[in-house]
Amino acid sequence: MAISRRKFVTNSTTALAGIALGKSALGDTVLNDMGNGTLPIVVSTWKHGLAANRAAWAILSEGGYALDAVEAGVRVPEGDPLVTSVGYGGIPDQTGKVSLDACIMDEKGQAGSVCFLQHIKHPISVARLVMENTPHVMLSGKGALKFALANGFKKENLLTPEMKKKWKEWKKKQEARDIINFENRSKDDHDTIGMLALDAEGRLCGACTTSGVPYKMFGRVGDSPIIGAGLFVDGQVGGAVATGQGELVMKTLGSFLVVEFMRNGYSPKEACLKAIQRITKQIPDYQKYQVGYIALNSKGEYGAFSIYPGFDYAIKTNEDDKLKEAESFRKLL
Ligand code: ASP
C-alpha cells in the first residue's frame, strides 16, 4: 500500500512494551518479540486478525489441525463486508470488479492457490481444494471459477452497494484527472489477512487471502496468492506471510526469504527485519510503500517487522489474545 494510506508517524515513540530481549543474530539492535513456545498458537495480520484468530482458536484449542484452523480463521474477514480488503465487500478494481487472490500451505509443504478469482466469497477454500484435489498449485481467473463452481461453490456478487458507491466516486475523480494509473490509485486502507498457526501436535500451516490493492488494474495479481511471496511454510522451520504493496514482496520473494533466514538461525523478528532490509536495499522507490511481514517458527516463537510504523498483528495463545504493533525499519533510522 502507499504509505499515505495509513497514519505513519515516522518518529513514533510507540512503546516497545512486551518485547523481550532475545538472543540476536544481528547484535543488540533487535529486540525479539515474544512467544514462549506454548502450543497451540495462531498469529495473523492486522486488526481483523483478532476475530480471525478466535475462529482459528476454536479449532486449535480442541486439538484440531492447523490447516483447518487457518482456513476457518481467514474465512471470517473473507465473509465480512466491513473488512474491505478481503473477500466479500472488498474494494474493486478500476473497472468495478472484485477479484480475489488466496493461497494456503500445510506443514508438509503442500500448496494451493487461486488468483484473479471473481464471484466466489471464500477463495481460501478453493485454494485448499486446488491443493488437495488437483495435481496443481495454482488456478487463475475463469479456470479457477469453473473449478470452484464444479465443486459446489456458489456464484455471488461480491460488490456490496456501499463499495459500488465508493467505486463510482473514485471513478469520477479519476476521470477528472484524465488518467487512471497505478500511481493515482486510492488512498483507502487496504489490508490482506495472512495467518500462521501451529497446532498442539506441532503442525505449522498458513493461509493468505485478499482483494488486492484498491482500484488495481483489471487483471492485476499481487503477492498474496504467490507461494513464496505472500506466504511460505516449511513445517520443520517456520512460516511467514506478507501484507502491503505486493509488488515489492514479489520482487524479493519475501515470505520465502523470511523462512530461509529462520532456517539460518535468525529469530522470526530478525528474519522479518532482514527481508524488509532486502526491500529497502533493492527497491529504489521503496519509501513510497508499506510492507509488513509476520513469522512463526516451529518452536512457537513469533515476530514481525514493517517498513513503516502502523502495521499491527494479532496473536492468540492460551494466555494471550492481543494486537501488537510491529517494529518498523523507518523508526530504526
Ligand atoms: N499485499 C496485497 C496485494 O498487494 C495487499 C495488502 O496486503 O494490502 O495485493
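Placed above this text is the structure.
Here's a quick rundown of the structure. (Residues numbered from 1 in each chain as written. Predicted model: local features only at pLDDT ≥ 70, side-chain atom pairs only at ≥ 80, totals over all residues. Heavy atoms only, no water.)

1. What to know about the sheet that holds strand 8 (residues 238–244)
Two modes of strand pairing occur in sheets, parallel and antiparallel, and in both the strands are linked by backbone hydrogen bonds.
Here comes step 1: Pairing is antiparallel in the open sheet, where four strands are placed in the order 7-8-9-10. Strand pairing shows two members of the sheet lacking a second neighbour, strand 7 (231–234) and strand 10 (302–306), which therefore form its edges. Averaged over neighbouring strand pairs, the angle between their axes works out to 10° when direction is ignored.
Here comes step 2: As paired elements, strand 7 and strand 8 share four bridges and run antiparallel to each other. Of the residues in strand 8, the one forming a bridge with Asp234 is Gly238.
Here comes step 3: Along the sheet, helix 7 (residues 254–263) contacts strand 7, strand 8 and strand 9 (291–297); its crossing angle with strand 8, the most-contacted strand, is approximately 145°.
Here comes step 4: The strands touched by helix 8 (residues 268–282) within the sheet are strand 9 and strand 10, with strand 10 carrying the most contacts at an inclination of about 20°. (Pairing = 2+ DSSP bridges. Helix = DSSP H or I, 4+ residues; strand = E, 2+ residues; numbered from the N terminus. Axes fitted to C-alpha atoms, helices over the stretch in contact; angles between N-to-C directions. Contact = heavy atoms within 4.5 Å.)

2. Regarding the packing of helix 3 (residues 123–133) against helix 4 (residues 141–150)
Here comes step 1: It is at 10 Å that the axes of helix 3 and helix 4 come closest, and there the two elements cross at 85°. In terms of their interaxial angle, helix 3 and helix 4 are classed as roughly perpendicular. Across the interface between the two elements, Val126, Leu129 and Val130 from helix 3 touch Ala144, Phe147 and Ala148 from helix 4.
Here comes step 2: For the contact of helix 3 with helix 4, the class distribution of residues is six nonpolar, no polar and no charged. (Parallel < 35°, antiparallel > 145°, perpendicular 65-115°, else oblique. Nonpolar A, V, L, I, M, F, W, Y, C, P; charged D, E, K, R; others polar.)

3. Some thoughts on the sheet that holds strand 3 (residues 111–117)
Here comes step 1: Sheet architecture is open: eight strands sit in the order 4-3-2-6-5-1-11-12, paired in mixed fashion. Every other strand in the sheet has two partners, leaving strand 4 (138–140) and strand 12 (321–325) as the edge strands with one partner each. If you compare each strand with its neighbour and ignore which way they point, the axes differ by 10° on average.
Here comes step 2: In the sheet, strand 11 (residues 312–316) pairs with strand 12 via five bridges, with the strands oriented antiparallel. Of the residues in strand 12, the one forming a bridge with Ala314 is Leu323.
Here comes step 3: Along the sheet, helix 1 (residues 49–60) makes contact with strand 1 (41–45), strand 5 (193–198), strand 11 and strand 12, crossing strand 1 at roughly 155°.

4. Considering the pattern of salt bridges
When their charged atoms lie close together, side chains carrying opposite charge are able to pair.
Here comes step 1: Tallying each qualifying case throughout the model produces 16 salt bridges.
Here comes step 2: Between Arg54 and Asp321 there is a salt bridge; the shortest N-O distance is 2.8 Å. With Arg54 in helix 1 and Asp321 in strand 12, the pair connects residues that are 267 residues apart, well separated along the chain.
Here comes step 3: Classification of Asp321 by relative accessible area gives partly exposed; the value is 34%.
Here comes step 4: The partner of Arg128 in a salt bridge is Glu71, with the nearest N and O atoms 2.8 Å apart. Taken as a pair, Arg128 in helix 3 and Glu71 in helix 2 (residues 66–79) lie far apart in primary sequence, 57 residues in all.
Here comes step 5: Counted as one network, the salt bridges with shared partners bring together Asp68, Glu71, Arg128 and Glu132. (Salt bridge = Lys/Arg side-chain N within 4 Å of Asp/Glu carboxyl O. Buried < 20%, exposed > 50% of the residue type's maximum accessible area, 1.4 Å probe, protein only.)

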